[in-house]
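Inside the fold
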Amino acid sequence: MPSQEATPLDAPEPKAPEAKAPEAKALEAKAPETETPEAEAPEAETPETGTAETETPQTEEPDAEASDAEAPEASDAEASDAEAPEAPEAPDVEVPEQAAAVSDTGAAAPETDGDGDGDGGGGDTPAAAPRPRRWRRVLGGWREKYPVAARVLAWATTAVALAVVVVALLMPTQADKFRVAAFVRLPVEAIFGAALLIVLPRKPRIAVAVFAGLGLGALTVVNFLDIGFNEYLGRGFNVVLDWSLFSDAQGYLQDTFGKGGALGIAALAVTLVIAVLALTTMSVIRLGNLAARNTETATRTTLVLAIAWVTCAALGVQYAAGIPIASEHTMQALQFKADQVRRTLRDEAEFAKIAKKDDFADTPPDQLLTGLRGKDMMITFIESYGRSAIEDPVMAPGVDATLTAENEKLTQAGFAAKSGWLTSATYGGSSWLGHSTFMSGLWISNQQRYRTVTAGERLTLPGAFKKTGAWDTVGVMPGIQKAWPEQKFYGIDKLYDSHNLGYKGPKFSWSTMPDQYALTAFERLVHSKKHDKPLMSTIILTSSHQPWAPIPKLVPQDQVGDGSIYDSIEKAGKKPADIITDSTKSKQEYGKSIQYSVSSLINYLVKYGNKNTVLIFLGDHQPIARVSGNHASRDVPVSIVAKDPKVLDKIADWNWADGLQPKQDTPVWKMNAFRDRFLTAYGSTPAP
């Protein structure tokens, strides 16, 4: 190997080493960086070198022009002599390992679209071939070994990805609208999305696909919430207001399935949400990569589908009424949610103004409820007592027979009744919205309105009785299991909740105690005591709360005691899991629970009522759609019962039906209209 110190005799002053120095120093500086440890690329094969991006010097035939560019002052001989010794030292640079390291890190590797279609490189020199990762080598080996299975798996995966995207884009928000035709339409969102992914380079395409996949997954989760809310509450999910209801749902699940069951369901729900987000994201990425690998085919297909969509939209082609082939379902859903958010935010300010207007706010106490002075008043809500209980062919026979029998008991005891219909502000649940609507005279249809009205000083029905100074107000609410600040808003002096009614028996799913016991405790703790004033009692019965299993049974009044007698009844009853997924069984058990609640109330009235007792009882809302039926009304029965005929004479112009059962043609009012009509009928003078 010739020494680098040897120079030709005719060489000029020793400036050649200085001319060589930049390149030599560059090689020396690069050598430590390119000497990649064997552990990083143990099997690296020597790629072709010479690309501009890898910055690897050509070792076989150094380019004299490149040397001239680096040392312009050197002569041709100087450049030749300066570079001549470098060729033998090229192996010390370890070019193969450098190329492998660069390929693995991706620092200077040519850009590809992730699917094997590279578009990088420098000039005419081929790019350095990247070394496949270990999992790619394993997968590639499996594909070579089982080519047919690999093709089938690839097609199946693509088909699943396509199905996931299409289902997510076309999913209805109501369970009764699920049908095949709903999922074989042309979603315009998919056409636009495909066109965008085709034209984007790799990195932007992946980013857009991830964003679109996560958005599609989030929309799918909201769609599932819409389905659940429509099934239980008769309305879609409000993305602004309804998050607070999940704590109530957790409490309901815990009461129905136990703490372990509730935690299991919650964990499953969280897992499903994560799975949906991951599945939609991976599906969009896969379809985007497929379109990029097959740009020509994907472009033609997208164009054909776009033409088909425009044609179907222009001609109004439909599978059936309300199911157009050209679908804009996702765009319409997003628009609806955006409008819902705007309406919700706007409603808060508008309702606050409405709540301040009250025709009876300034009515003097001596001009309120003059027609009921001296009467013992009871306002009683029967949980989920809806119109379907009286008219549904499965439930009506038993409920109607009970109403007829209980009406006979009332007649024999000297009572009379009139009944009508009220349209509740809620459906399937959220009973407090029905209670507040009935007693405040305002339409309380969501949690935001409820918070607004209960934070104010609106005159409620119990509050009106309290304002007169002629009644003591009492609340018996076995469903309340924690602090209840609304007591002040309603004007209730003394509250008896689940903790101070003395119950020692078992819970019946969500219901903390049987209705018969709650009424018996009311008699023992409140009604039977001596009072200086008549009572205005607000009682909320809970035995007809879903899931309607197990249901209590009536026991002899002298055996109610502290409720221990219900232990054997609860154990012998049905389990929630036995009926919760069966619509017919749920209807049957729901009907039985209404019969139990009505019988408990009328038995109490007949036994403990007197000539001054006036009972108003009603349902707070219809049961869930699985029981009341899809698209059922929100109507609930309401009855006023009294011995004094003058009480019912004052509402003769209401045209309500005689007895406990309203007729089909009995007038229907909105529930919030009752307060003002009632106050006016019984001697209250408006004074806004």
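Residues numbered from 1 in each chain as written. Predicted model: local features only at pLDDT ≥ 70, side-chain atom pairs only at ≥ 80, totals over all residues. Heavy atoms only, no water.

**What to know about the pairing of strand β6 (residues 416-423)**
Our working rule: Buried residues are those whose accessible area, probed at 1.4 Å on protein chains only, stays under 20% of the maximum for their type, while exposed residues exceed 50% and partly exposed ones sit between those limits. Under the DSSP-based scheme used, a helix requires at least four consecutive residues in state H or I and a strand at least two consecutive residues in state E, with every element numbered from the N terminus. In this analysis, strands are considered paired if DSSP registers two or more bridges between them.
Taking burial as the measure, the 8 residues of β6 include 7 buried ones, the bulk of the element. Pairing geometry for β6 and strand β11 (residues 635-642), over 8 bridges, is antiparallel. Looking at β11, one finds that Ala416 is bridged to Ala642. Relative to strand β12 (residues 657-658), β6 runs antiparallel, the two sharing 2 bridges. Its bridge partner lying in β12, Lys418 is registered against Asp658.

**Quick notes on the confidence of the model for the protein chain**
Rules: Confidence scores per residue from the predictor, reported as pLDDT, run from 0 to 100. It only takes one pair of heavy atoms within 4.5 Å for two residues to be counted as in contact.
Considering every residue of the protein chain, the mean pLDDT works out to 80; 79% of them sit at 70 or more. Counting contacts from residues 1-127, a segment whose pLDDT is below 50, to residues more than four positions away or on other chains yields 105 contacts.

**Notes on helix α11 (residues 295-315)**
For the record, the criterion: By this rule the span expected of a helix is its residue count minus one, scaled by 1.5 Å. Our arc is simply the arc of the directions from the helix axis toward the C-beta atoms.
Helix length check: α11 (21 residues) gives 30 Å between terminal C-alpha atoms against 30 Å at 1.5 Å per residue, within 8%. For α11, the full list of buried residues reads Ala298, Thr302, Trp309 and Cys312. Around the axis of α11, the buried residues are gathered within 95° of arc, so they sit on the same side. Exposed residues pointing more than 90 degrees away from the buried face of α11 are listed as Glu296, Leu303, Val304, Ala314 and Leu315.

**Description of helix α19 (residues 515-527)**
Most of α19 sits inside the fold, with 11 of its 13 residues counted as buried. Listed in full, the buried residues belonging to α19 are Asp515, Gln516, Tyr517, Ala518, Leu519, Thr520, Ala521, Phe522, Glu523, Val526 and His527. On the buried face of α19, the contacting elements are β5 (376-382), β7 (472-477), β8 (494-497), β9 (535-541), α20 (566-572) and α22 (583-608).

**Focus: the packing of aromatic side chains**
Note the threshold: Each aromatic pair joins two rings of Phe, Tyr and Trp (for Trp, the six-membered one) with centres within 6.5 Å, and gets the label stacked for planes under 30 degrees apart, edge-to-face for over 60, and tilted for any other angle. Whether a charge sits over a ring depends on NZ of Lys or CZ of Arg being within 6 Å of the ring centre and within 35 degrees of the ring normal.
If you walk through the whole model with that rule in mind, you get 21 aromatic pairs. Three or more aromatic residues joined by ring pairs form one cluster here, namely Phe381, Phe438, Trp654, Trp656, Trp669, Phe674, Phe678 and Tyr682. The ring of Trp421 carries the charged tip of Arg387 above its face, separated from the ring centre by 4.0 Å. The ring of Trp669 has Arg677 sitting right over it, with the charged end atom 4.1 Å from the ring centre.

**Remarks on the pairing of β5**
With 7 of 7 residues buried, β5 is to be regarded as a mostly interior element. Examined bridge by bridge, β5 and strand β10 (residues 613-619) share 7 bridges and lie parallel to one another. Counted as the bridge partner of Met378 is Leu615 from β10. By the bridge criterion, 6 bridges tie β5 to β9 in an arrangement that is parallel. Paired with Ile382 across the bridge in β9 is Leu541.

**Quick notes on the environment of Val636**
With respect to the helices, strands and loops of the structure, Val636 is situated in strand β11. Its relative accessible area of 0% is what places Val636 among the buried residues. Expressed as a C-alpha distance, the spacing of Val636 and Gly386, which sit 250 residues apart in the sequence, is 4.3 Å. Residues in contact with Val636, not counting those within four places in the same chain, are Tyr385, Gly386, Arg387, Gly420, Trp421, Leu422, Ser424, Gly619, Asp620, His621, Gln622 and Met671.

**Focus: a nonpolar patch on the surface**
Convention followed: Every patch collects residues that have over 30% relative accessible area and no salt bridge, joining them within 9 Å if they carry like charges and within 5 Å if they are nonpolar side chains (Val, Leu, Ile, Met, Phe, Trp, Tyr). Each accessible area is a Shrake-Rupley result for a 1.4 Å probe, and residues are judged covered by the shown protein chains and nothing else. A carboxyl oxygen of Asp or Glu within 4 Å of a side-chain nitrogen of Lys or Arg is what we treat as a salt bridge.
Side chains of Val180, Val184 and Tyr319 sit close together on the surface and give an oily, nonpolar patch of about 300 Å² of accessible area. With respect to the helices and strands, Tyr319 occurs in strand β2 (residues 318-320).

**A closer look at the packing of helix α14 (residues 396-412) against α22**
We count it as follows: Axis angles are defined between N-to-C directions and span 0 to 180 degrees, where every axis is a line fitted to C-alpha atoms and, for a helix, only to the segment in contact. Note that the term roughly parallel is reserved for angles under 35 degrees, roughly antiparallel for angles over 145, roughly perpendicular for angles of 65 to 115, and oblique for everything else. By the convention adopted, Pro, Cys, Tyr, Trp, Phe, Met, Ile, Leu, Val and Ala count as nonpolar, Lys, Arg, Asp and Glu as charged, and the other residues, Gly among them, as polar.
At a minimum axis separation of 9 Å, α14 and α22 run at an interaxial angle of 5°. When the axis of α14 is compared with that of α22, the two are roughly parallel. Touching Gly398, Val399, Thr402, Leu403, Glu406, Lys409 and Leu410 of α14 are Gly591, Ile594, Gln595, Val598, Ser599, Ile602, Asn603, Leu605 and Val606, all from α22. Broken down by class, the residue content of the contact of α14 with α22 amounts to 8 nonpolar, 6 polar and 2 charged.

**Focus: the pattern of salt bridges**
Summed over all chains, the structure comprises 17 salt bridges. We note a salt bridge from Arg449 to Asp347, for which the minimum N-O separation is 2.6 Å. With Arg449 in helix α16 (residues 447-454) and Asp347 in helix α12 (residues 329-355), the pair connects residues that are 102 residues apart, well separated along the chain. Asp347 carries the same exposure label as Arg449, and that label is buried. The shortest N-O distance in the salt bridge between Lys587 and Asp392 comes to 3.4 Å. Linking Lys587 in helix α22 with Asp392 in the loop between α13 (387-391) and α14, this pair joins segments that are 195 residues apart in sequence. Asp392 sits in the buried class, given a relative accessible area of 11%. Put simply, Asp358, Arg458, Arg675 and Asp676 are held in one network by salt bridges that share partners.

**Considerations on the packing of helix α15 (residues 431-440) against α16**
The cut-off we apply is this: Handedness of a crossing follows from how the near helix is turned relative to the far one, being left-handed for an anticlockwise turn of less than a right angle and right-handed for a clockwise one.
Between α15 and α16, the shortest axis-to-axis distance is 10 Å and the interhelical angle comes to 45°. When the axes of α15 and α16 are compared, the pair comes out oblique. In terms of crossing hand, the pair formed by α15 and α16 is left-handed. Residues Trp432, Leu433, Ser436 and Ser440 of α15 pack against Gln447, Tyr450 and Val453 of α16. Tallied by class, residues from the contact of α15 with α16 come to 4 nonpolar, 3 polar and no charged.

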